[in-house]
Amino acid sequence: MKEIESIKESGGFLNRYTHESSSCQCEMTFSVYLPPQADKGKVPTLYWLSGLTCSDDNARTKAGAQRYAAEYGIAVVFPDTSPRGDEVSDEPERYDLGQGAGFYVNATQSPWSKNYQMYDYVINELPALVEANLPLLPDVKSVSGHSMGGHGALICGLKNPGAFRSVSAFSPITNPVNGGWGQGCFGLYLGEDKSAWEEYDATCLVKAGAKVSDILIDQGDADEFLHEGQLLPENFEAACTEQGQSCTIRMQPGYDHSYHFIASFLGEHFAFHAGYLKG
């Protein structure tokens, strides 16, 4: 784990690191914001999973998370969205497959399976790495994300009961087996057996009985991808109601899919997570 950048912000430090990933078989980059409270002791952690085409850099420069992290005394870990590098498989003509589009799954199909193990990376390798090297409370963590990263946050929480104190998302892809983005890449990453797809679909996981303590979702009603049928929050809400999963989905009038939307409500998500991380 090599520090390549450190910037003071809101009393703490926004640091960037690289390391050789055993999960993804390549060099990975990630960022961590350490709030000022980390100078005096270990702090809880929020993992932020970003969306299609993003890297660790998008959220740390656009969301405004650091000011809220400093207020609540919560570290924020910003992973990349996929493995990267000249030797890593890619589809440059597609933004929804390959580098920048790992979908937080463990790919099983060649050539993707060699590097695209983002689920293991986010769930196991990265938390172990940062908790061993930074002042982070072990296993006191929550998860949030946007779009593809919202999908990642939901499945990481639902597939690992108790691992995350709370789960939230902005404009998440909630039912990828029935959406164009999921259908366009899951077959290539995971094969033709659709039961394997359902293992990485939040709606299917809830229907199968998976549960977490609580979920908060914000969705803009002017989101173009909502109207294209890519996100399908209505399917997820119906599954939660049917199975008794606690979930609040707030439809926000006039907001789109961008970081302008995220920045408008991120403070409320930090307050939501702080109630679980510091309660």
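What you see is a predicted model, and the numbers here were worked out from it, not measured in a lab.

Peer 1: Please explain the side chain of Asp223 as it appears in this structure.
Peer 2: Following the sequence through the fold, Asp223 ends up in the loop between β8 (215-220) and α8 (224-227). Within the local environment of Asp223, its side chain forms a polar contact with the side chain of His257, the two groups lying 2.6 Å apart. Contact partners of Asp223, with chain neighbours within four places excluded, come to Ser171, Leu231, Tyr255, Asp256 and His257.

Peer 1: In this structure, what is going on with helix α2 (residues 65-72)? I would like to understand it.
Peer 2: Residues three or four positions apart in an α-helix share a direction because the helix packs 3.6 residues into each turn. All of the buried residues in α2 are Ala65, Gln66, Tyr68, Ala69 and Ala70. Contacts made by the buried residues of α2 are with β1 (2-9), β2 (12-21), β3 (26-34), α1 (56-62), β5 (75-78) and α10 (259-277). Directly after α2, the chain includes Gly73, whose backbone phi takes a positive value near 70 degrees.

Peer 1: What's the story with the environment of Gln219 in this structure? I'm lost.
Peer 2: Mapped onto the elements, Gln219 comes out in strand β8. Residue class for Gln219 comes out buried when judged on its relative accessible area of 0%. C-alpha of Gln219 to C-alpha of Gln230: the two residues are eleven residues apart in sequence and 13 Å apart in space. Ignoring anything within four residues of it in the chain, the contact list for Gln219 reads Ser171, Pro172, Leu226, Leu231, Arg250, Met251, Gln252 and Phe261. One polar contact links Gln219 to Asp223, side chain to side chain, over a distance of 3.1 Å.

Peer 1: Can you walk me through helix α4 (residues 148-158) in this structure?
Peer 2: Within α4, eleven of the eleven residues are buried, leaving the element largely enclosed by the surrounding structure. Listed in full, the buried residues belonging to α4 are Met148, Gly149, Gly150, His151, Gly152, Ala153, Leu154, Ile155, Cys156, Gly157 and Leu158.

Peer 1: How should I be thinking about the pattern of salt bridges in this particular structure?
Peer 2: Close approach of charged atoms allows side chains with opposite charge to pair. In total, this model carries nine salt bridges according to the counting rule given. Linking Lys141 and Asp139 is a salt bridge whose minimum nitrogen-to-oxygen distance equals 3.6 Å. On the basis of relative accessible area, Lys141 is assigned to the buried category, the value being 6%. Lys159 is paired through a salt bridge with Glu199; the nearest N and O atoms lie 3.7 Å apart. Remark: Glu199 occurs in the loop between α6 (194-198) and α7 (202-207) and Lys159 occurs in the loop between α4 and β7 (167-170); sequence separation between them is 40 residues. Taken together, the salt bridges that share partners define one network made up of Glu5, Asp57 and Arg60.

Peer 1: Help me out: how do you make sense of the state of the cysteines in this one?
Peer 2: Defined simply, a disulfide is a covalent bond joining two cysteines at their sulfur atoms. Per the counting criterion, the structure on display carries zero disulfides. Just so you know, Cys156 is unpaired, no disulfide at all, and the nearest cysteine sulfur is the one on Cys24, 12 Å from it. For Cys247, which is in no disulfide, the shortest distance to another cysteine sulfur is to Cys240 and amounts to 4.3 Å.

Peer 1: I tried to follow the nonpolar core on my own but got confused; where do I start?
Peer 2: If you look at soluble globular proteins, the nonpolar side chains tend to sit buried side by side. Membership of the largest hydrophobic core comes to 67 residues, with the highest contact counts inside it found for Phe103, Tyr189 and Phe236. Here this core gets eight residues from one element, more than from any other, and that element is helix α3 (residues 118-133). Contacts of Tyr189, omitting those with residues within four sequence positions, involve Leu97, Gly98, Ala101, Gly102, Phe103, Val105, Ala107, Thr108, Gln109, Trp112 and Tyr116. Counting residues in each nonpolar core, the second largest holds 23 residues, with Ala70, Val76, Phe170 and Ile262 among its members.

Calculation rules
- Residues numbered from 1 in each chain as written.
- Predicted model: local features only at pLDDT ≥ 70, side-chain atom pairs only at ≥ 80, totals over all residues.
- Heavy atoms only, no water.
- Helix = DSSP H or I, 4+ residues; strand = E, 2+ residues; numbered from the N terminus.
- Polar contact = N/O pair within 3.5 Å; in protein donor to acceptor, adjacent residues only side chain to side chain.
- Contact = heavy atoms within 4.5 Å.
- Buried < 20%, exposed > 50% of the residue type's maximum accessible area, 1.4 Å probe, protein only.
- Salt bridge = Lys/Arg side-chain N within 4 Å of Asp/Glu carboxyl O.
- Disulfide = S-S within 2.5 Å.
- Core = buried A, V, L, I, M, F, W, Y, C linked by side-chain atoms within 4.5 Å.

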